[in-house]
Amino acid sequence: QVQLQQSGTEVQKPGASVKVSCKAAGDTFTGHNIHWVRQARGQGLEWMGRINPNSGGTTYSQKFQGRVTMTRDSSIGTAYMELNTLTSDDTAVYFCARETFDFRSYFDSWGQGTLVTVSS
Amino acid sequence: DILMTQSPSSLSASVGDRVIITCRASQNIKNYVVWYQQQPGKAPKVLIHAASTLLSGVPSRFSGSGSGTDFTLTINSLQAEDFATYYCQHSYTTPYAFGQGTKLEIK
């Protein structure tokens, strides 16, 4: 089963940007969409968007459209999520997750999460 | 967008109890439902997909049912390690929304 390793904790100021990485190990990177999900402290899971590592095609939640960019570098098996114009409301743990398809889709592997804190 | 309404938001139960968590979709999503378990400080772990298919390695005390708009997760004979937060999610079409979560606590 693929393991997803995310980059470390980030502290950013309001108005800045953050870029989180998600490296796949132990399995092929291509062939499975990578999704990004965030979770504010004590809150639920929020779907942000996905990237197709083969084509680079992306689909974003309308909430983040215009502020999020998901990219990938297939040569090193890594996906990235960049979020711009940060506010304190963006303070959360950000997860990447691999989508697999077995009759229906589900997220079978998750990264360990990256805490992003937005504070002046 | 399809919304997932999960209930209850919290639940107190004892070891050995049977609990049921429900999830309602805002439109017909056939059986495109996934259930996750999340322990504090950890990433979610998939338990069930396609509404009722148990993932390999998940104990048989977990079961899922439903189709269309109404879905349930049932945990029989609760064990200590089952006290966690549970989320439903649909994978019918993007955005793949999650339910609000159910925190299962020890009574």
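The structure contained in this document is the topic of the report that follows. (Residues numbered from 1 in each chain as written. Chains lettered and ligands numbered in written order. Predicted model: local features only at pLDDT ≥ 70, side-chain atom pairs only at ≥ 80, totals over all residues. Heavy atoms only, no water.)

Residue and element names in this part refer to chain A. Of note, Thr30 is situated in the loop between strand 3 (18-25) and strand 4 (34-39). Under the relative-accessibility criterion, Thr30 is labelled partly exposed at 34%. Each C-alpha atom of the pair Thr30 and Ser88 lies 34 Å from the other, and the pair is 58 residues apart in sequence. Contact partners of Thr30, with chain neighbours within four places excluded, come to Pro53, Asn54 and Ser74. (Helix = DSSP H or I, 4+ residues; strand = E, 2+ residues; numbered from the N terminus. Buried < 20%, exposed > 50% of the residue type's maximum accessible area, 1.4 Å probe, protein only. Contact = heavy atoms within 4.5 Å.)

Here His35 of chain A is to be found in strand 4. A polar atom in the side chain of His35 of chain A sits 2.8 Å from the side chain of Trp47 of chain A. Excluding residues that lie within four positions of it along the chain, His35 of chain A makes contacts with Trp47, Gly49, Arg50, Phe95, Cys96, Ala97, Glu99 and Phe107 of chain A together with Tyr96 of chain B. (Polar contact = N/O pair within 3.5 Å; in protein donor to acceptor, adjacent residues only side chain to side chain.)

What follows is about the interface of chain A and chain B. Between chain A and chain B, the residue contacts involve 21 residues of the former and 20 residues of the latter. For the pair chain A and chain B, the two sides together bury roughly 1700 Å², of which 64% comes from carbon and sulfur. The largest contributions to the chain A side of the interface with chain B come from Leu45, Arg104 and Tyr106 of chain A, which together make up 36% of the buried area. Across the chain A-chain B interface, the total number found is zero salt bridges. Where chain A packs against chain B, one counts seven residue pairs in polar contact (both at pLDDT 80 or more). Contributions of two or more residues to the side of chain A that touches chain B are made by strand 4, strand 5 (46-51), strand 9 (92-102) and strand 10 (104-110) of chain A. Ranked by residue count, the leading element in the side of chain A that touches chain B is strand 10 of chain A, at six residues. In terms of residue class, the side of chain A that touches chain B is built from eight nonpolar, seven polar and six charged. (Buried area = accessible area lost by both parts, 1.4 Å probe. Salt bridge = Lys/Arg side-chain N within 4 Å of Asp/Glu carboxyl O. Nonpolar A, V, L, I, M, F, W, Y, C, P; charged D, E, K, R; others polar.)

A few words on the pattern of salt bridges. Residue and element names in this part refer to chain A. Within the structure shown, the criterion is met by nine salt bridges over all chains. For Arg38, the salt bridge is made with Asp90, and the minimal N-O distance between the two is 2.8 Å. Of this pair, Arg38 sits in strand 4 while Asp90 sits in the loop between strand 8 (78-83) and strand 9; the two residues are 52 residues apart in sequence, bridging distant segments of the chain. Take Arg38: its relative accessible area is 5%, and that puts it in the buried class.

Summed over all chains, the structure comprises nine aromatic pairs over all chains. Between Phe107 of chain A and Trp110 of chain A, the ring centres sit 5.7 Å apart and the planes meet at 65 degrees, which makes this aromatic pair edge-to-face. With a centroid separation of 6.3 Å and an interplanar angle of 40 degrees, the aromatic rings of Phe62 of chain B and Tyr86 of chain B are classed as tilted. One end of the pair, Phe62 of chain B, is in strand 7 (residues 62-67); the other, Tyr86 of chain B, is in strand 9 (residues 85-90), with 24 residues separating them in the sequence. A residue is classified by how much of its surface remains accessible, and Phe62 of chain B, at 4% relative accessible area, is buried. For Tyr86 of chain B, a relative accessible area of 0% gives the class buried. (Phe/Tyr/Trp six-rings, centres within 6.5 Å; stacked < 30°, edge-to-face > 60°.)

Below, the discussion takes up the pairing of strand 3 of chain A. Consecutive side chains of a regular strand alternate in pointing toward one face of the sheet and then the other. Residue and element names in this part refer to chain A. As paired strands, strand 1 (residues 3-6) and strand 3 are joined by four bridges and run antiparallel to one another. Across the sheet, residue Gln3 finds its bridge partner in strand 3, namely Ala25. For strand 3 and strand 8, the ladder comprises six bridges, and the chain directions are antiparallel. Along strand 8, the bridge assignment pairs Val18 with Leu83. (Pairing = 2+ DSSP bridges.)

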